[in-house]
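# Descriptive structure summary
Below, each chain spelled out in residue letters.
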Amino acid sequence: MKHFLRLFVQVCLYFYCSCLWRCLKLLLRKLTGQCELQRICYNTKPGAARTMKIEASLKGSKSKRLQSSVSVHPDAIEKTIDDIMELKRINPDINPQLGVSLQACLLQIVGYRNLVAEVEKLRREPYDAENPQHEEMLLKLWKCLKPTCPLKARVSKQWCEIGFQGDDPKTDFRGMGLLGLYNLVYFAEWDTEIALQVLSDSLHPKYREVTKKELSQLSKAEWEKKKFDKAIGYSFAIVGINITDLAYNLLVSGALKTHFYNVAPEAPTLTHFQQTFCYLMHEFHKFWLEEDPLDIMEFNRVREKFHRRILRQLQDPEMALCPHFAASESLINM
């Protein structure tokens, strides 16, 4: 009975709020002479705040045409804008800037949706050792990270030197498919200096002094371990695949909308996603050093704590994780 009453109250509140909101929107239109889309575009600056409000407005509309506008093909966006203006009875000659602003927002919304599909396709494609392109990418990863050290054989223990678990890396790509390889190659090729530094740090833990306070809190065995491990070593490639999983989950959950809508003036692309991966790899490495874990068994704890920190940052509508993309140096003021 109590459950039924709670459900009844929730349903009543939903319908009440829904009706109240629609009445409020109608009142605002009468008072301002502008529809909700106009008010958002004219009163909210370009970026995530505007695009996310436009997206919510279109998805929450009673009109099926407006609801479907967030999932059109990119080539149909201009026609979609014309349909929206006609449906909302907005004269494009009097409101020319509105069409430009809506187009910019729809490019981002549709682009994000397409990016999710593209990333998902890469994640689902398994690494195939019989595919020359896959093999070429894998060998490129080695050459970028170990330029002065030739690979003696395709199947070799040398792969452990860049953080794979065994003598054939193909088995480590099972979880993230080609997406993990794409990200690692991009990091090594386009952010080479940082990638090499992170790899070096992961292979060579640094000596650190143990304070008297720490010494009093640690057992002798823990102290012997901790005094030599300022940066506990980890498997670079495996961590890269793991951070790929983190970036993937941020993307498909919609958490990265804040970031991409702030840094990509039009449609976010796979390059934007890979640059975000580079940022996450660098930031996770710094976070790992800050956390100063006792051993590698703490990896999942540190990763989850890092994940929560990134999620908190992305709750800020002004947030751009790494704003200096070559492909989108600044937002176009539209």
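Note that the coordinates shown come from a computational prediction; the quantities given were computed from them, not determined experimentally.

So, how was this worked out
- Residues numbered from 1 in each chain as written.
- Predicted model: local features only at pLDDT ≥ 70, side-chain atom pairs only at ≥ 80, totals over all residues.
- Heavy atoms only, no water.
- Helix = DSSP H or I, 4+ residues; strand = E, 2+ residues; numbered from the N terminus.
- Buried < 20%, exposed > 50% of the residue type's maximum accessible area, 1.4 Å probe, protein only.
- Disulfide = S-S within 2.5 Å.
- Contact = heavy atoms within 4.5 Å.
- Axes fitted to C-alpha atoms, helices over the stretch in contact; angles between N-to-C directions.
- Parallel < 35°, antiparallel > 145°, perpendicular 65-115°, else oblique.
- Nonpolar A, V, L, I, M, F, W, Y, C, P; charged D, E, K, R; others polar.
- Salt bridge = Lys/Arg side-chain N within 4 Å of Asp/Glu carboxyl O.

Despite not being glycine, arginine 89 has its phi angle at roughly 55°, a positive value. Here arginine 89 is to be found in the loop between helix H5 (77-87) and helix H6 (96-124). One non-glycine residue with positive phi stands out, namely aspartate 292, at about 50°. We classify aspartate 292 as buried; its relative accessible area is 11%.

Considering all chains together, one arrives at 0 disulfides under this definition. We note that cysteine 322 lacks a disulfide partner, and the nearest cysteine sulfur, in cysteine 278, lies 8.4 Å from it. The class of cysteine 322 is buried, set by a relative accessible area of 12%.

With that settled, the discussion passes to the environment of cysteine 160. Among the structural elements, cysteine 160 can be located in the loop between helix H7 (132-145) and helix H8 (177-190). The exposure class assigned to cysteine 160 is partly exposed, which follows from its relative accessible area of 33%. Sequence separation between cysteine 160 and alanine 237 is 77 residues, and the spatial gap between their C-alpha atoms is 8.8 Å. Cysteine 160 has contacts with Gln165 and Gly166, leaving out every residue within four places of it along the chain.

In the contact formed by helix H3 (residues 48-59) and H6, the axes pass within 9 Å of each other and the chain directions differ by 85°. Considering their axes alone, H3 and H6 lie roughly perpendicular with respect to each other. Mapping the contact onto sequence places Arg50, Thr51, Ile54, Glu55 and Leu58 in H3 and Ser101, Leu102, Cys105, Leu106, Gln108 and Ile109 in H6. Considered class by class, the residues forming the contact of H3 with H6 number 6 nonpolar, 3 polar and 2 charged.

Throughout the structure, instances matching the rule amount to 18 salt bridges. Its salt-bridge partner being glutamate 120, residue arginine 124 comes within 2.6 Å of it at the nearest N-O pair. Of this pair, arginine 124 and glutamate 120 both sit in helix H6, separated by 4 residues, roughly a single helical turn. For arginine 124, a relative accessible area of 61% corresponds to the exposed category. Residue glutamate 120 is classed as buried on the basis of its relative accessible area, which comes to 16%. Where glutamate 291 meets lysine 305, a salt bridge forms, and the shortest distance between an N and an O atom there is 3.1 Å.

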